[in-house]
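Given next are the chains, with one letter for each unit.
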Amino acid sequence: MIEQPSNIRTIRVEDEMRVSYLDYAMSVIVARALPDVRDGLKPVHRRILYTMGEMGLSATSSYRKCAAIVGEVMGKYHPHGDVALYDALVRLAQDFSMRYPLVDGQGNFGSVDGDAPAAMRYTEARLTAMAAEMLADIDKETVDYSDNYDGTQKEPVVLPAKLPNLLVNGSSGIAVGMATNIPPHNLSEIADATIALIDDSDITTDDLCRFVSGPDFPTGGTIFRFERQRNTINGEWETVDAIRQMYAHGRGRVVMRAQVAFEELRGERMGIVVTELPYQVNKAALLEKIADLVKDKKIEGIADLRDESDRDGMRMVVEIKRDANPHKVLNNLFKHTALQASFNMNMLALVDGQPQTLPLKSVLQHHVDHRREIVRRRTEYDLGKARDRAHILEGLKKALDHLDEVIKTIRASADTEVARTNLMTRFDLSERQAQAILDMRLARLAALERKKIEDEYLEVIQLIAELEDILASPARVLRIIKDELEELKRRYGGERRTRVADDSSREMTDEDLIADEDVVITISRRGYIKRQPVATYRRQHRGGKGIIGHVTREEDAVEHLLVANTHDWALFFTNRGRVFSSKVHAIPDASRQAKGIPIINMPGVQVEHGEVPTATITLPEFAAGSYLVLATRRGIIKKTPLEHFERVRSTGIRAITLGDDDELAWVDVSTGEDDVIIATAQGMLAKFHEREVRAMGRDAAGVIGIRLLKHEGDEVVSMSVVQPGADLLVLTETGYGKRVLIDDFRIKHRGGQGVRLISLEGRKTGIVAAVQQVTELDEELVLISAQGQVVRTELETVNRYSPNARGVIVMRLNEGDRVVGIAAFRPGLAEGRGNGDNDDPAAGPDSSGPDATA
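Rules and cut-offs
- Residues numbered from 1 in each chain as written.
- Predicted model: local features only at pLDDT ≥ 70, side-chain atom pairs only at ≥ 80, totals over all residues.
- Heavy atoms only, no water.
- Helix = DSSP H or I, 4+ residues; strand = E, 2+ residues; numbered from the N terminus.
- Buried < 20%, exposed > 50% of the residue type's maximum accessible area, 1.4 Å probe, protein only.
- Pairing = 2+ DSSP bridges.
- Core = buried A, V, L, I, M, F, W, Y, C linked by side-chain atoms within 4.5 Å.
- Contact = heavy atoms within 4.5 Å.
- Salt bridge = Lys/Arg side-chain N within 4 Å of Asp/Glu carboxyl O.
- Axes fitted to C-alpha atoms, helices over the stretch in contact; angles between N-to-C directions.
- pLDDT = per-residue confidence, 0-100.
- Arc of directions from axis to C-beta.
- Parallel < 35°, antiparallel > 145°, perpendicular 65-115°, else oblique.
- Left-handed = near helix turned anticlockwise from the far one by under 90°.
- Nonpolar A, V, L, I, M, F, W, Y, C, P; charged D, E, K, R; others polar.

Tracing the backbone shows V790 in strand β41 (residues 789–794). Residue V790 is classed as buried on the basis of its relative accessible area, which comes to 3%. Along the chain, V790 and L561 lie 229 residues apart, while their C-alpha atoms are 10.0 Å from each other.

Take a look at the structure:
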């Protein structure tokens, strides 16, 4: 019979499987897949950063081969494959994966197309400045260390991490039975939220959401705050704040969408241009998917598909067939491709070695607790060093105070050991103090050097008192944490890349796809309206005749001219005191030679027979606390809160009650604390503070703003809310104009006849046609005549004159023509693209000087 070894134990297979599997699972959870809530890093990333710090690869050092870095990490701390280790290093350097990269890579580190990085023997890397904040003060015994895999090295259990890296850069990982997926966020928003939590420990998730708008992905795009979800109790659909729920519970879903716009391409075809993709979407795979859908006829209406991305940025172009509906094509792309995707957040992280799903507040609180511990340990370390230095300086001071006796004692000693012992005995010194005296150079005995020792001792004593006060005051520790966050925000914070929209459940609207651009809006006396890009008109020198900007029918003339953005609101006020509203992009885009469409044909504008728009304003939003100031041709003025006009019916609402012989003509926006000017056709101007006009309801009639001269044809030609230091641009109907400082006119009470604004002597001058306020933000002017001539010129070409001067010729007119409108603006970014109309040869011969590019 064979004798059994004594160390063999009989166990059940299922018990061994259970224990071994749990050991493996916990190893994966704790040592591989999940990040630590304190520094937001997995062990592999922590080891990479720590090793690069040890190698001296700071943001200002030279680059080192990634192969050397991987070998150093693998040999000392990370006993796993070099391929997985290099992949982790590469991700830390990818600006499309990390919101704030921690590694500065040189070479091919992959692309958003899914291209693999170059081999590690070709690429180089070093730490970024942000990574230095993760490692700051690690040499001051601020964190605990543990043995590496073979017990020959010590590695940090966690990094000091000044920034809340778990939220700032996010993390993703799959463990055994659990997974984490945390999106990146904007550093400025997270810093503000952390500071708010420090100031108020009882702050709610709703309050934190005032600082944190939502995830901020490195690839930009758009996320949606609200989402329609089915109620699990009653089964009904309801709209919920998905972002708030996600932060309140630590898990949830947010919808991401690519940034797209419509552009007119060659051959009058429309194109869908994609400039930003949802996070972690592979561009090459997306293009291939779209091509397959077109091939399988699941998406129709696409004529061509191109990737025009270059070093300046991403640009995917989906060319639409002429007979296809671009909006329908885009909605199908969102439905069937990764142009719209979901990010499923699960804020799972290790807390004291245990995996926990954490809401936003808990993550921030853990970071504050971690930083409180780091600041405490750092202060204790600095205090220990300061006390050691003070101890040495006290010994040196004692030696300098008894210099002759010290020298005599040393000279009388047989060797260094005896000298140290004699100094300790005779002068009551410690061993370290005695050694410092023996090590002191003779040059330190000079009077100036002695003074430096005394000054240094005083500084060290003050530092010790400061450090002891920090340790004794929890409030000071929190103040230090807040100051560090403010500094991080100042140095690295920036604007969000990802936009936050409201609702993802709706179909795309026209407004979502309209590019932001500046446009010129013209309205004729008979109510024809159109818009054109500002770039249609070239800049000309003062006195130019311009180009045809609006073709009018016989007995019609251009009445209004505005410069606005396509996403602004337009409010149309009629001669009968009613108001209608529309988005600027809803105004038809027409060529220079077109007359536009009747305003009655626009959606939401149902004017009656004989009713025409007499005043139009544009504004981006209906801000609370603002007012609309309205003026009539007979000098009546009125002020109404702006929010009263936020919801306007398609049939219009009343803006002012008018007299029988009066009509509404001018509208402007005020803050409630502005000055108002009213100008008349006979060159008079009244300036008063708007407090003299109390706020009234929409049906009120208003009060007297200026009394007109007893002169035939005198009427109000302009009313404006003005700013101190701005200019008034005055233009007569014959094209004479000038700039006048608003501050040249004193503030008086409303109801007077005003003071002289411009001299109208001589038949060439005519009456005042337009008065426009211009500020330091305005750079250019657009002028238009009754026959549709348009001049675009630089503001600085019109000089300032006194109120009694006539000015100079600003616009030369054809016989029988007259000036009717003027608008001042600063060109927007969208204008720089142009549209080809600038090359119209009709513009060249009429210009009085060389043209500049618009």
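Before going further, it helps to spend a moment on the sheet that holds strand β34 (residues 703–704). Across the sheet, four strands lie side by side as β31-β28-β29-β34; this open sheet has antiparallel pairing. With partners counted over all chains shown, the strands left at the sheet margins are β31 (664–670) and β34, one partner each. As defined by bridge partners, strand β28 (residues 627–632) adjoins strand β29 (residues 636–641) across five bridges and the pair is classed as antiparallel. Each residue of the ladder has a partner; that of L628, found in β29, is T640.

Residues I48, L49, M52, L89 and L102 are the most contacted members of the largest nonpolar core, which totals 103 residues. Take this core: its biggest share by element is 14 residues, from helix α12 (residues 360–401). Formed by 21 residues, the second largest nonpolar core is a distinct cluster that contains A258, L277, V329 and L339.

Quick look at the pairing of strand β12 (residues 270–276) now. Counted residue by residue, β12 has five buried out of seven residues, so it is predominantly covered. Of the pairings in the sheet, the one linking strand β11 (residues 259–264) to β12 comprises six bridges and is antiparallel in character. Note on β12: the bridge partner recorded for E264 is M270. As judged from the four bridges shared by β12 and strand β14 (residues 316–320), these two strands associate in the antiparallel manner. In the sheet register, G271 faces β14, and the bridge partner there is E319.

This paragraph deals with the environment of G527. Positionally, G527 belongs in the loop between β19 (518–524) and β20 (528–533). By relative accessible area, which is 4% here, G527 ends up buried. Spatially, the C-alpha atoms of G527 and I597 are 8.2 Å apart, while their sequence positions differ by 70 residues. Ignoring sequence-local partners within four residues, the contact set of G527 consists of I597, P598 and I599.

A few words now on the pattern of salt bridges. Note on pairing: side chains with opposite charge can pair once their charged atoms come close. With the rule as written, the count across this model stands at 53 salt bridges. The shortest N-O distance in the salt bridge between D304 and R306 comes to 3.0 Å. Residue class for R306 comes out partly exposed when judged on its relative accessible area of 22%. Look at the salt bridges and you will find they share partners, linking E263, R269, D304, R306, E308, R315 and E319 into a network.

Before going further, it helps to spend a moment on the environment of E608. The residue E608 is located in the loop between β26 (597–598) and β27 (613–619) in this model. For E608, a relative accessible area of 44% translates into the label partly exposed. Separated by 43 residues in the primary sequence, E608 and T651 place their C-alpha atoms 9.3 Å from one another. Sequence-distant contacts of E608, defined by excluding residues within four places in its chain, comprise R576 and R578.

Attention shifts here to the sheet that holds strand β13 (residues 302–307). Taking strand neighbours across the sheet as the criterion, the four strands line up as β11-β12-β14-β13 in an open arrangement whose pairing is antiparallel. The open sheet terminates on both sides in strands that have one partner only, identified here as β11 and β13. Direction aside, neighbouring strands of the sheet carry axes that sit 20° apart on average. The sheet contacts of helix α10 (residues 283–295) involve β13 and β14, and relative to β13 the element is tilted by about 165°.

Among the structural elements, T205 can be located in helix α8 (residues 205–208). Given the relative accessible area of 16%, T205 is considered buried. Those residues in contact with T205 that lie beyond four places of it in its chain are R244, Y247 and A248.

On average, residues of the chain score 84 in pLDDT, and 88% of them are at 70 or above. Low pLDDT, under 50, characterises residues 545–555; the predicted model gives this stretch 53 contacts beyond four residues in sequence or across chains. For the stretch residues 829–854, pLDDT sits under 50, and the model shows 48 contacts to residues farther than four places along the chain or on other chains.

Here the focus is helix α9 (residues 242–249). One full turn of an α-helix is made of 3.6 residues, so residues set three or four places apart face in the same direction. By the burial criterion, the buried members of α9 are A242, I243, M246 and Y247. Seen end-on, α9 carries its buried residues on one side only, within an arc spanning 130°. Two residues or fewer past α9, G250 is found with a positive phi of approximately 85°.

Below, the discussion takes up the packing of α12 against helix α15 (residues 431–439). At a minimum axis distance of 9 Å, the contact between α12 and α15 shows a crossing angle of 60°. The angle between α12 and α15 places the two elements in the oblique class. Along this stretch, α12 crosses α15, giving a crossing that reads as right-handed. Facing D388, H391, I392, E394, G395, L396 and A399 of α12, the residues of α15 in contact are R432, Q433, A436 and I437. Of the residues that constitute the contact of α12 with α15, the class distribution is five nonpolar, three polar and three charged.

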